[in-house]
Amino acid sequence: MDEILKKFLDERNKRYIIPIEIEKKEEYIYDIQSLDNSVSDILNFVFSPIFNMNYESIQMIINSIYLFEIGYFDAAFYSLRQSIEISTTMVFLSELSEDEREHEVKKWSSSGNFPMRGKMVKNLENNGKSYSDMLDKMPNFFENIQKINKRINKFVHKQGFKHFYSINFSSDKEIEKYKKFRLKEFEFFLKECICIIAVMRLALDPFPILLMDDEIEFRVFDILTEPYDYRIMKYIDDNIIEEYKTTHIYQKCYNHIMNEEKRNNAVNNVVRNHYIDLKKIDKIWEQKHLLKEFELITINIFQKFSKINTIVIYGIWYGMDEKLFNVTGLSLQDISNSKNKFNQKFNDFFISAFHYENDHFYLLNEETFSDKEINEIKRLIYAP
């Protein structure tokens, strides 16, 4: 770069781009990371463009933190605004019928004629099910979204000199005062956006809140969703949660699950934590009617063969203790596709694959199986 031009840019950036350290940055990142665990099983959102939007909203908030720290505050606020817009798009698409959703996703993916946030909100108010019910039961929350969005727009649209970079400070004292003001301002909007994204996620399903209740935890089927923890809940006012619990989407799901039989701790460990405690096998068999066939087979295999460390079926990893093998680079499909499916060496353990329905039982252990043991395992799996 030309020296004169470089000098011009260096001097200008030094004058107007003011980096501001966020002391709580690590805490914010940990908190935001918790939102990643709120994946939804509903409508196959896990592998759809819809739930990718939840991840994108989270990423936009992370981006805003780093942009703010290096001094690009308006870009940071733009990222916060985008986190709200993307979460709105996620809910908008989730409320459509399957055919409508497919049509709109195609338009969205190709950057076609897709509605902006204001039009999506209007459509959700008039036609949405979960959203319109939440809007009715949680008016203060949605009013606040509008207020936050409008205030952030002042940064994005550069309304007012305080939203400019090109402010000349007469002293270091003024710069420090500016930093404190700007940081306080940013952290306020950051917290509000984390709250908005976490609550908008609940328009898909109520499980992040439901699973905070032990009565639900010990009745619900095995799902990927994790409950919101203290890191997320500190951003959400208790009144918002209480209002959300009056919505149809929450009440319907809560009442349905509460009609199910409550699992004891040993059985719940099998279903929810994929942990089999053979010291409590009697408790497990007491409620074996609550377990699926492949879970019962898994328990029988562990009970019969103490040498087994881990069993994998349908992508679920079951174990009896905390001892874990190093499975980096392991391809279960390669094992099941090979001619010899038994006692294949991988790192410091052996793995065997036994066909079951449209999948395989994968057994990981430190010792090889004898032919007799392989036949016994087959009998356990294929027993009528």
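So, a few notes on the structure that sits alongside this text. (Residues numbered from 1 in each chain as written. Predicted model: local features only at pLDDT ≥ 70, side-chain atom pairs only at ≥ 80, totals over all residues. Heavy atoms only, no water.)

1. Section: the sheet that holds strand β4 (residues 349-356)
In a beta sheet, neighbouring strands pair by backbone hydrogen bonds and run either parallel or antiparallel.
Piece 1. Taken in spatial order, the five strands line up as β2-β1-β5-β4-β3 in an open sheet, and their pairing is antiparallel. The open sheet terminates on both sides in strands that have one partner only, identified here as β2 (316-319) and β3 (344-346). Here the strands of the sheet are splayed against their neighbours by 30° on average, with no regard to which way each runs.
Piece 2. As paired elements, strand β1 (residues 308-313) and β2 share four bridges and run antiparallel to each other. Looking at the pairing, Ile-313 lines up with Ile-316 of β2. (Pairing = 2+ DSSP bridges. Helix = DSSP H or I, 4+ residues; strand = E, 2+ residues; numbered from the N terminus. Axes fitted to C-alpha atoms, helices over the stretch in contact; angles between N-to-C directions.)

2. With respect to helix α17 (residues 293-304)
Piece 1. In this model, α17 (12 residues) spans 17 Å end to end at C-alpha, consistent with the 16 Å of a helix rising 1.5 Å per residue.
Piece 2. All of the buried residues in α17 are Phe-294, Glu-295, Ile-297, Thr-298, Ile-299, Ile-301 and Phe-302. (Expected span 1.5 Å × (residues − 1). Buried < 20%, exposed > 50% of the residue type's maximum accessible area, 1.4 Å probe, protein only.)

3. Some remarks on the pattern of salt bridges
Piece 1. In total, this model carries 17 salt bridges according to the counting rule given.
Piece 2. Across the salt bridge formed by Lys-137 and Asp-133, the nearest N and O atoms sit 2.9 Å from each other. Of this pair, Lys-137 and Asp-133 both sit in helix α7 (residues 130-137), separated by four residues, roughly a single helical turn.
Piece 3. What makes Lys-137 partly exposed here is its relative accessible area of 28%.
Piece 4. Via salt bridges that share partners, Glu-27, Asp-31, Arg-231 and Lys-234 belong to a single interconnected network. (Salt bridge = Lys/Arg side-chain N within 4 Å of Asp/Glu carboxyl O.)

4. Considerations on unusual backbone geometry
Piece 1. With a phi close to 60°, His-274 is a non-glycine residue in the positive phi region.
Piece 2. As for its position among the elements, His-274 is in the loop between α15 (265-273) and α16 (281-286).
Piece 3. Classification of His-274 by relative accessible area gives buried; the value is 19%.
Piece 4. The backbone phi angle of Tyr-314 is positive, close to 55°, even though this residue is not glycine.
Piece 5. With respect to the helices, strands and loops of the structure, Tyr-314 is situated in the loop between β1 and β2.
Piece 6. Among the residues examined, Tyr-314 registers a relative accessible area of 32% and is labelled partly exposed.

Just distances and angles here, no functional claims.
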